[in-house]
Amino acid sequence: MTGPRRRIPLLYVLLLVMVTVSVAPLALYHNRVLEISRMKLADHEQRLQTDTTRLLSEAIHLYRQHAGQQLQSLRRTLVLAGFAEDAASAKRSGQLRQVLEEHVARDPGVDYVTVLNREAKGVRAGNFQADEDPFVRKALERAFAAGTQRLEFTSDPLNISRGGENHPAIVLAVPLLLPAGPAGGHEDFRGIVAELISLDPIVDRLRDASHHGRVSYVVDRNGHVVAHPDVRKYIAGQDVSGIGIVQKYLEMPIQLRATATAPFEIAENGMWVEMLGTYSPVRDLYWAVIAQRRLADAHADMGIRDMNQQAMHLVLIAIVLSIMVSLLLARRITYPIHSLAEIT
């Protein structure tokens with residue numbers, strides 16, 4: 001024979017009902033509010049990142065365009081002054097050096113400028129010793145090779161050390177050409193004009209745009225750093241193609257690349273962190289401005305963390321009140337029953 005069934009005490013039943021009735025609507029309302037807040041957060045952060053990357057992209061385009069125009073202007077000056085005939089001429093080297101030094105003094109973005117003749121010999125000016133930097137020297141060699149093909153040249157991003165600190169830069173070069181003779185044909189190649197352009201002004205703009213956990217930086221078509229606000233951790237040429245938002249940029253065909261935002265994850269201290277990132281291509285360059293931010297930081301800005309804490313406090317208060325009310329009701333309901341049982 002089986003023993004009598006054990007009934008659940010009425011107090012427990014009332015307690016369960018009261019807690020469910022008081023807490024369940026609160027939890028459903030809280031989850032709905034959080035869902036709406038997250039949607040607004042994603043939209044707000046996306047607009048901020050889109051505006052930031054587009055503004056930075058346009059600023060970088062204008063900076064690169066200005067550098068190119070200044071280089072073209074210098075070339076025209078050299079050709080008109082007759083320096084293109086032979087940049088290594090000992091007779092006019094002093095005059096040429098003075099022209100180059102004045103050019104560097106007028107443009108703080110130029111760290112170094114050189115004019116080379118057809119034998120890659122010539123005159124230089126500036127505060128940087130290019131001969132002592134193997135990467136800059138190699139870039140100048142490629143620039144000269146491009147010049148012999150009558151092509152303009154833009155190097156990959158370079159990291160140069162100055163004053164114990166890292167500075168991003170690029171080499172720009174244009175060929176020195178003289179008009180073809182009466183017989184026609186190609187223009188006469190006489191050498192190149194090359195400059196080492198500092199990207200420090202771009203770094204300053206990136207630092208201004210990087211705050212509240214949002215970081216903006218520039219990458220090239222290979223996913224290598226062009227400029228980053230943290231020059232100690234990320235130097236020019238460093239490979240960051242493993243970052244999710246950079247991967248998404250590289251996966252897009254060049255002709256279809258446009259500003260886009262996407263969620264991704266990044267590993268930090270052995271844990272995966274949810275991120276939101278945006279990329280915006282730079283006109284006339286195979287570069288892109290990247291902006292990224294932890295979703296947790298964005299949640300903090302929108303007050304979601306505070307909302308969670310307040311909701312937990314309300315839930316705890318509701319549970320305590322439910323227990324107190326349940327105990328009171330249970331005693332009022334069970335008291336007559338116990339009294340009747342004692343009389344009988």
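Details of the structure are given in the entry above.
Being a predicted model, the structure only gives us computed values, none of them experimental. (Residues numbered from 1 in each chain as written. Predicted model: local features only at pLDDT ≥ 70, side-chain atom pairs only at ≥ 80, totals over all residues. Heavy atoms only, no water.)

K.L.:
Tell me what's going on with helix α2 (residues 93–106), and back it up with residues and numbers.
P.N.:
Taking 1.5 Å as the rise per residue, α2 with 14 residues should run 20 Å; its terminal C-alpha atoms sit 20 Å apart, in good agreement. For α2, every residue scored as buried is listed here: L96, L100, H103 and V104. Burial along α2 is one-sided: seen end-on, the buried residues are contained in an arc of 100 degrees. Opposite its buried face, α2 presents the exposed residues A105 and R106, each directed more than 90 degrees away. (Helix = DSSP H or I, 4+ residues; strand = E, 2+ residues; numbered from the N terminus. Expected span 1.5 Å × (residues − 1). Buried < 20%, exposed > 50% of the residue type's maximum accessible area, 1.4 Å probe, protein only. Arc of directions from axis to C-beta.)

K.L.:
Describe in detail the side chain of S280, supporting the description with residues and values.
P.N.:
Note that S280 resides in strand β10 (residues 271–281). Judged by relative accessible area, S280 falls into the buried class, the value being 4%. Polar contacts involving the side chain of S280 include one to the side chain of T259, which spans 2.9 Å. Here S280 is in contact with T53, R54, S57, T259, A288 and V289, once residues within four sequence places are set aside. (Polar contact = N/O pair within 3.5 Å; in protein donor to acceptor, adjacent residues only side chain to side chain. Contact = heavy atoms within 4.5 Å.)

K.L.:
How would you sum up unusual backbone geometry? Please name residues and give values.
P.N.:
Even without being glycine, A120 reaches a positive phi, approximately 60 degrees. The backbone of R150 shows a phi angle near 60 degrees, a positive value even though the residue is not glycine. Structurally, R150 can be placed in the loop between α3 (134–148) and β3 (153–154).

K.L.:
Account for the sheet that holds strand β11 (residues 287–294), with residues named and values stated.
P.N.:
Spatial strand order, β8-β7-β11-β10-β9: five strands in an open sheet with antiparallel pairing. Two strands close off the open sheet at either side, each with one partner strand: β8 (225–227) and β9 (260–268). On average, each strand axis in the sheet is tilted by 40 degrees relative to the strand beside it, whichever way the strands run. As paired elements, β10 and β11 share seven bridges and run antiparallel to each other. (Pairing = 2+ DSSP bridges. Axes fitted to C-alpha atoms, helices over the stretch in contact; angles between N-to-C directions.)

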